[in-house]
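Examining the three-dimensional arrangement
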Amino acid sequence: MSQLLAPFHSVTIQDFESSWTSPANIAFVKYWGKKSHQIPANPSLSMTLSECTTTTKTKFQAANGLTVRLKLNGKSEEKFATKIKDYLESLQDELPWILNLSVEIETSNTFPHGAGIASSASGLSAFALTLTEYLTHLKSDTEETLFYKRASYLSRLASGSACRSVYGGFTSWGDSALPESSDLFATSLKVHPKLAALRDTVLVISSEEKTISSRSGHGRMNEHFFAEARYSQARDNFSRCISALQRGEMDDVGMILEAEALALHAMMLTSPEPYTLLKPNTLSAINAIWDFRKETNLPLYFTLDAGPNLHLIYPESQKNKITTFISHELAPLTENIIHDKTGIGPKKC
Ligand code: 2P0
């Protein structure tokens, strides 16, 4: 049992209601491949976003048995309710009383489904933060560092990437040479002031539902011929990316960002059951970005999540010329564009 949840093993259930808003994040070094109990195969590192958030209001009450009702934007969503119920059931060894709860959730996102922004990171971290607040309501423990560590631990068990959303700025997750690093929860990462405010302009190339889930993608890494090489590359990129972020070297960060995005999609293309989530316009936009960089030397770099949509990362200070290029050259390749930037992390509302 984790020390983080041990104080809450036996409690008297009380009624409680609270709301949290939590942001999505974009991985600079990717989590792709995991061991059991949501232990990542390599450390990952991400930037927390500002505008793309989920707000979740949750009501916990004593009940005979565990029931979960969930409304997304006012509409009942059976699939998400089942996901939360499975998640809560998975916590029963550490929190046995959880099987006697009625849970009512109302949730809404500021960004559309299929926008290339993982709603599981924002949605599940928002829910885990509310659950963490509920735990401290049941047994008071007001230590703030432990609160967020616990929230990150609980977020990870719901969805790996969600554990990185509980802190603002930059976050790392996974055992590494960093002090206090852990496979069990994420920690905050200090970066050079020059890179503390980056933009993330998301090119929505396609908003179609993806054909292969991230869960299945992680699973395919288990039998992957290149798995060990990939994990070793990720560990190397992780330490090089942290060093570049702390030195304030945008171009070094950018080269790693792109290498990580391409490696992630190369893993999909070369997995035992190969697939790709890239679209022709993803490749057209990548080529246009490379040409733009060659011509202007401006620090515009891309990354990809597990989907066809590009996240364009660049310093706030360079936004004028870069946004002009985006709206003239890249916008015609997209369905939609979302403007985001480095965010300050979740908040209770
Ligand atoms: C990441 N992704 O680091 C990587 C890069 C997508 C591409 O983590 O199974 O939804 O819930 O732990 O976190 C997506 O996988 O997977 C992901 P689960 P998750 O952001």
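Not measured: the values here are computed from a predicted model. (Residues numbered from 1 in each chain as written. Predicted model: local features only at pLDDT ≥ 70, side-chain atom pairs only at ≥ 80, totals over all residues. Heavy atoms only, no water.)

So, about the domain arrangement of the chain. Split by domain assignment, the chain resolves into domain 1 (6-191) and domain 2 (194-341). For domain 1 and domain 2, the distance between their C-alpha centres works out to 25 Å. Domain 1 puts 35 residues into the contact, and the matching count from domain 2 is 44 residues. Carbon and sulfur atoms supply 67% of the area that domain 1 and domain 2 bury against each other, a total of about 3,200 Å² over both sides. When the buried area of domain 1 at its contact with domain 2 is split by residue, Phe 28, Lys 30 and Trp 32 rank highest and sum to 26% of it. On inspection of domain 1 and its partner domain 2, the count reaches one salt bridge. (Domains from an automatic or database assignment. Contact = heavy atoms within 4.5 Å. Buried area = accessible area lost by both parts, 1.4 Å probe. Salt bridge = Lys/Arg side-chain N within 4 Å of Asp/Glu carboxyl O.)

At a minimum axis separation of 13 Å, helix H1 (residues 78-90) and helix H2 (residues 119-138) run at an interaxial angle of 45 degrees. One way to sum up the angle between H1 and H2 is to call them oblique. Here H1 and H2 pass one another in a crossing that is right-handed. Only Leu 124, Phe 127, Ala 128 and Leu 131 of H2 make contact with H1, whose side of the interface consists of Lys 83, Ile 84, Tyr 87 and Leu 88. A class-by-class count of the residues in the contact of H1 with H2 yields seven nonpolar, no polar and one charged. (Axes fitted to C-alpha atoms, helices over the stretch in contact; angles between N-to-C directions. Helix = DSSP H or I, 4+ residues; strand = E, 2+ residues; numbered from the N terminus. Parallel < 35°, antiparallel > 145°, perpendicular 65-115°, else oblique. Left-handed = near helix turned anticlockwise from the far one by under 90°. Nonpolar A, V, L, I, M, F, W, Y, C, P; charged D, E, K, R; others polar.)

The local shell around the ligand holds 16 residues, among which Tyr 31, Lys 34, Ser 159, Gly 160 and Ser 161 are the closest. Between the ligand and Tyr 31 there is a distance of 2.7 Å, counted from an oxygen atom to a side-chain nitrogen or oxygen. Within the side chain of Arg 164, an N or O atom sits 2.8 Å from an oxygen atom of the ligand. Both domain 1 (6-191) and domain 2 (194-341) contribute no fewer than three residues apiece to the shell around the ligand. (Near = heavy atom within 4 Å. Polar contact = N/O pair within 3.5 Å; in protein donor to acceptor, adjacent residues only side chain to side chain.)

Let's shift gears to the sheet that holds strand S10 (residues 198-204). What the four strands build is an open sheet, ordered S11-S12-S10-S13; its pairing is antiparallel. Edge positions in the sheet fall to strand S11 (301-304) and strand S13 (336-341), since each has one partner strand and no second. Direction aside, neighbouring strands of the sheet carry axes that sit 25 degrees apart on average. Relative to strand S12 (residues 310-315), S11 runs antiparallel, the two being bridged by four bridges. For Tyr 301, the partnering residue across the bridge sits in S12 and is Ile 313. The sheet strands contacting helix H6 (residues 250-269) are S10, S11 and S12, and the helix crosses S11 at an angle near 30 degrees. Strands in contact with helix H8 (residues 319-330) are S10, S12 and S13; relative to S12, the strand with the most contacts, it is inclined by about 155 degrees. (Pairing = 2+ DSSP bridges.)

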